[in-house]
Amino acid sequence: DLNACALFLQNHILDMEMKKAKEVTWTTVRYMVAEIQYGGKITDDYDRRCMVTFAEKFFCQAVMEPNYTILKGYTVPMATDINVMREHVNTYPPTDSPEVVGLNMNADLVFRLDNASKVFNTILDTMPKGGGGGGGQTREEMVVDICKDMLGKTPKVIDLNELKAYLKKAGETKPIHVCLKQEVDVLNRVLAKVSLILKNLQLAIDGTIVMSDDLAASLDALANAKVPPIWLKGAWFSPGVGIWFASLLAREKQWSDWMRHGRPKSYWLPGFTNGPGFLTASRQEVTRSHNGWALDDVAVMTEVTKFESDDVKEGPNEGVYVHGMYLDGCGWSKKDSKLVEAPAKILYVPLPCMHVTAVQTANKKYDYLVYGCPVYERKDPRKRGMTAAQPNFVFTPELRTDEPPAKWILRGVALLTYFGE
């Protein structure tokens, strides 16, 4: 691809010289590079958007001007000799700044934290699994204590009769209530599996029952503060058992409170196993409330409010309030309700409640500049990448910005529905 792009650029420039054109036709160059040579193999819309933005930044007339600077310390030499080019490149800083490719300086911190995490995980995976010495607790005794603690906090499965009674009163066929039933079904399966493993693991360690492969894997995982693999089947992902278990309790509370006290004023979006399904259900609800509207003719309209979930006293007239999303790659000005630079060493910035509703596509418009920010569920190594083509993509709200959206595209700005690792 690189050779094809270089050959095309060479032929295009020679063609321009033959035609005695004053400058390169950059529109053609950008299209061939970003949409054909490289872009033709990109299957995800957001990856293609990023590629096009890179092309707009680096393939333009400005790079041909003398003393053009990509970033402080990164100038483009006005030379045609390859040796001069190489000598100039050697003057660049030995360690590249993330800002060279448009990323925030926090990207370097993320990279180093990720490398450190991999090293520690390797050490934990390869260390001896035998019992401890010096009179301390053995590995098995520690896991038994963990099982007892978690089992004491694990709620019972949600009573389906109670759910059925609520749905009959609130309307079984309403899209958002169909979503609730599906979420309760998933949660009940997970709760039953968690309770069973915690009970059987204690019995297996005690020697009462046989230590199966699933129980052995669960023992290793809990000893290393990880989530037992069997719990992850058909459930959500988290690298740490503490956060995963906290999410389990929070999900159970949201569904139980929903059944007992009515619909939430603001929905905790990370609690949904099927986030896109919930948002589609809320869009259907708005569509049905208007005569003559069809689901295919409406679009999602979003607005970030200035209040937190605890401050919400009443739900919106149309649509839903959602919370629990965190900005990755930038910050948020609550005062001005807009995207800003990420604070130094602050990797994830919580977003206030967001109002998500639906309007007819023809009437959708904002009176300010917006950035289409993709929302993703928790980073899951079981899924390849984090793209709109993957199951962990949720939706794309529009966030207010005073700066060109291209800046945030190169920053890799996204919203994540998880709260720390």
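Residues numbered from 1 in each chain as written. Predicted model: local features only at pLDDT ≥ 70, side-chain atom pairs only at ≥ 80, totals over all residues. Heavy atoms only, no water.

Details of the pattern of salt bridges
Part 1: Counted according to the given criterion, the structure contains 17 salt bridges.
Part 2: One salt bridge connects D220 with R139, and the closest N-O pair in it is separated by 2.1 Å. In this pair, D220 sits in helix α9 (residues 213–223) while R139 sits in helix α6 (residues 139–153), placing the two residues 81 residues apart along the sequence.
Part 3: Connected through salt bridges with shared partners, the residues E341, E403, K407 and R411 form a single ionic network. (Salt bridge = Lys/Arg side-chain N within 4 Å of Asp/Glu carboxyl O. Helix = DSSP H or I, 4+ residues; strand = E, 2+ residues; numbered from the N terminus.)

A look at the sheet that holds strand β9 (residues 348–350)
Part 1: Strand order in the open sheet made by the 4 strands is β9-β6-β14-β12, with mixed pairing throughout. One side of each edge strand has no neighbouring strand; the edge strands of this open sheet are β9 and β12 (375–376).
Part 2: In terms of strand pairing, strand β6 (residues 326–328) meets strand β14 (residues 414–416) through 3 bridges, oriented antiparallel. Residue pairing across strands places D328 opposite A414, the latter belonging to β14. (Pairing = 2+ DSSP bridges.)

Quick word on the side chain of H177
Part 1: Relative to the helices and strands, H177 is located in helix α8 (residues 175–206).
Part 2: Owing to a relative accessible area of 2%, H177 belongs among the buried residues under this scheme.
Part 3: A distance of 2.8 Å separates a polar side-chain atom of H177 from the backbone oxygen of G171.
Part 4: Those residues in contact with H177, other than ones at most four positions away along the chain, are Y166, L167, A170, G171, E172, W258 and R263. (Buried < 20%, exposed > 50% of the residue type's maximum accessible area, 1.4 Å probe, protein only. Polar contact = N/O pair within 3.5 Å; in protein donor to acceptor, adjacent residues only side chain to side chain. Contact = heavy atoms within 4.5 Å.)

Comments concerning the confidence of the model for the protein
Part 1: For the protein, mean pLDDT is 89; residues scoring 70 or higher make up 94% of the total.
Part 2: The lowest-confidence element of the protein is strand β1 (residues 69–71), averaging 86 in pLDDT; the highest-confidence one is strand β13 (residues 398–400), averaging 97.
Part 3: Taken as a whole, residues 381–389 scores under 50 in pLDDT and shows 27 contacts with residues more than four places along the chain or in a different chain. (pLDDT = per-residue confidence, 0-100.)

Let's talk about the side chain of Q37
Part 1: Among the structural elements, Q37 can be located in helix α2 (residues 26–37).
Part 2: Given the relative accessible area of 18%, Q37 is considered buried.
Part 3: With residues up to four places along the chain from it excluded, the contact list for Q37 reads D1, A4, C5, F8 and M32.

Some remarks on a nonpolar patch on the surface
Part 1: The grouping of V119, F120 and I123 at the surface amounts to a nonpolar patch, some 310 Å² of accessible area in total.
Part 2: Secondary-structure assignment places F120 in helix α5 (residues 106–126).
Part 3: Take F120: its relative accessible area is 56%, and that puts it in the exposed class. (Patch = residues over 30% accessible without salt bridge, like charges linked within 9 Å, V, L, I, M, F, W, Y side chains within 5 Å. Areas by Shrake-Rupley, 256 points an atom, 1.4 Å probe, with all protein chains shown as cover.)

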